[in-house]
Amino acid sequence: MLGTSSDSIKFAAQNRAMLQLHTIRENTESIITALQKRNIDAEPMLSKVLDLDEKRRSIQTELDSTLAESNKLSKEIGILFKSGKAQEANELKEKTAGLKETSKQLGDELNEVAAALQDALYLIPNIPHESVPAGNTDEDNEEIYNEGEVPTLFEGALPHWELAKKYDIIDFELGVKITGAGFPVYKGKGARLQRALISYFLDKNTQAGYTEMQVPHMVNEASGYGTGQLPDKEGQMYHVQADDLYLIPTAEVPVTNLHRGDILAESDLPIKYTGYTPCFRREAGSYGAHVRGLNRLHQFDKVEIVRVEHPTNSYQALDEMVEHVKNILRELKLPYRILRLCGGDLGFTSALTYDFEVFSTAQDRWLEISSVSNFETFQANRLKLRYKDENGKTQLAHTLNGSSLALPRVLAGILENYQTEDGIKIPEVLVPYCGFDTIN
RNA sequence: GGAGAAAUGGCAGAGUGGUCGAAUGCGGCAGUCUUGAAAACUGUUGAGGGUCACACCUCCGGGGGUUCGAAUCCCUCUUUCUCCGCCA
């Protein structure tokens, strides 16, 4: 449906079953070509990696044989002592001194090179799926679907931040007082509508087979590296330095890390989770009119879906997730479109991403409300999230996630598109969750 | 926050300086038996690096140290449990 034919899926799965050193070593050229879609010249990066890799292996080999020799001597010494030949044993002991020195040196060298290699590897972004269009900016994203009527609003219709004030449902100034800009306070029916949306989304997700999880809102450094926020997005996360913890920018981080280091049985797949969490983002560098109101916040609520999949099934899973989100927006009767992100706009960790955007009628612009991605083995490789295949071999799993959905812009879309001269109508599906059908 | 105990393979649980990547049991897998299943019996069963394949190397919570040699001894950190204190 979305241009991921089964042939390309199979190819992708095989080609990247073990993305990283093996793959880089054997497919250097094709990786460089693929990364050009991200407008990256990967050649220097990769040759540095290959260089360090070669160095690492040669030091490792040398170290291994030194250790092998000293292991052998130690065993002999043990046997000699046991059989009472203390003098011969002591003679052998002297021979080990040099080996010890050598292995210490080699060990230090190895650590250094291995760390440098790790750092270099962490800087390489995921390889875009072949369906990812070339391009530099969001202008080059490819619209692949749209649905829903854009309503014609009455004269004097307002953007959501005006509506929020008019009906006293969101107080941005109050948030500034107690915290700062970008931390709104939801009041009365506004707060209730938030809670209704969270419940509604979670219900939709659990009905679709996702298991609801409540996870910590802070994570440690290892989790940040696992899903790829670190080191790439270091400055975008709130860092609690006293305890070296990060406030989560999305539930993707704690939920996907649930399986960090696991080796699953093939029959455990697929794993499907959903979770509601607040999300914290520093948004360093954002500015201008597009950050008004709910458009861009430091703290916002989101319900996320996460899947761990068999490589042969991950693109079908991606399509299912897209269909699932479509369904929700259809029920909310919001006009939306789906974009396939171009190489330049694609996130660091993703192989293929579909963005959902709701049309904000009063602002006359599209607002991103969901991002659904397949990471293939990229996160799994960092997470060491694997499964045993039918031959008993350990393979990297594929991970995926998507918002279903991010609250603030859905809220903005509802407020703006559902406004009437008599107040804001509540979408039908949300009325049972809200306990009211109009905000006035 | 204070005092004590502990951390070993999917799980349980031995192992206190040498041939231990690690007994044993359970679980898993394969086979024998069976129409099939269960039971019983036999075999097999951690991860990573390295190699064409072997060899070989690393890993017994993390890091460091002692030693020719560490799962075993020492230091340190983390986590868990018990008791005390505090507390939504």
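Each chain carries its own residue numbering, running from 1 in the written order of its sequence. Chains carry letters from A onward and ligands carry numbers from 1 onward, assigned in written order. In keeping with the predicted nature of the model, local features appear solely for residues at pLDDT of at least 70, side-chain atom pairs appear and are counted solely at 80 or more, and the whole-chain, interface and lining totals rest on all residues. The basis for every side-chain value is the complete set of heavy atoms in the structure, and neither hydrogens nor water enter the calculation.

Chemist: I'd like a description of the sheet that holds strand 14 (residues 386-388), backed by residues and values.
Modeler: Pairing in this open sheet of 3 strands is mixed, and the strands run 8-14-15 from one edge to the other. Lying at the two open borders of the sheet, with one neighbouring strand each, are strand 8 (263-265) and strand 15 (394-396). Looking at each pair of strands side by side, their axes are set apart by 40° on average, direction ignored. Each pair of strands is called paired provided DSSP finds at least two bridges between the two strands. The way it works is that DSSP assigns letters per residue, a run of H or I at least four long becomes a helix, a run of E at least two long becomes a strand, and they are numbered from the N terminus. Inspection of the sheet shows strand 14 paired to strand 15 by 3 bridges, in the antiparallel sense. Bridging from a neighbouring strand, R386 pairs with L396 of strand 15. Axes, fitted as lines to C-alpha atoms, cover a helix only where it is in contact. Angles between the N-to-C directions of the axes lie from 0 to 180 degrees.

Chemist: Before we move on, can you summarise the domain arrangement of chain A with the specific residues and values?
Modeler: By domain assignment, chain A separates into domain 1 (6-122) and domain 2 (138-439). Domain 1 and domain 2 are separated by 40 Å when their C-alpha centres are compared. Where a domain begins and ends is set by an automatic assignment or by a domain database.

Chemist: Can you tell me about the pairing of strand 12 (residues 352-360), naming the residues and giving the values?
Modeler: Summarising burial for strand 12: 9 of the 9 residues are buried, a large majority. Bridge count for strand 11 (residues 336-340) against strand 12 is 5 bridges, and the pairing is antiparallel. Opposite L339, over in strand 12, you have D355 as the bridge partner. In this structure, strand 12 lies alongside strand 13 (residues 365-376), joined through 9 bridges in antiparallel fashion. By the bridge assignment, F356 is partnered in strand 13 with S370. Where strand 12 hands over to strand 13, the hairpin turn is made up of 4 residues, of which D364 adopts a positive phi near 55°. Burial here depends on accessible area, computed with a 1.4 Å probe over protein chains only, as a share of the maximum for the residue type. Under 20% is buried, over 50% is exposed, and the range in between is partly exposed.

Chemist: So what's going on with the environment of Q229? Which residues, and what values?
Modeler: In this fold, Q229 is placed in the loop between helix 9 (221-227) and strand 6 (239-240). Looking at Q229, the relative accessible area reads 9%, which means it is buried. Residues Q229 and N146, spaced 83 residues apart in sequence, show a C-alpha to C-alpha distance of 30 Å. In this structure Q229 touches G224, E234, M237, P249, T250, E252 and V253, once residues within four positions along its chain are discounted. Working rule for contacts: check all heavy atoms of both residues, and any pair within 4.5 Å makes them a contact.

Chemist: Any details on helix 4 (residues 43-82)? Residues and values, ideally.
Modeler: Here, expected helix span is obtained from the residue count minus one, scaled by 1.5 Å. The terminal C-alpha atoms of helix 4, which comprises 40 residues, lie 58 Å apart, in line with the 58 Å expected from a rise of 1.5 Å per residue. Along helix 4, the positions that sit buried rather than exposed are L46, V49, L52, D53, I59, L63, T66, S70, L73, I77 and L80. Looking at the packing, one finds that the buried side of helix 4 touches helix 2 (21-26), helix 3 (28-35) and helix 5 (86-122). Positive backbone phi, approximately 80°, marks G84, located one or two places after helix 4.

Chemist: If you had to explain the sheet that holds strand 9 (residues 271-280) to someone new, which residues and values would you point to?
Modeler: Strand order across the open sheet formed by 8 strands is 1-11-12-13-16-10-9-4, with mixed pairing between neighbours. The sheet is open, and its two edges are formed by strand 1 (142-147) and strand 4 (211-212), each paired on a single side. Where strand 1 lies against strand 11, 5 bridges are found, and the strand directions are antiparallel. Within strand 11, the position partnered with E142 by the bridge is R340.

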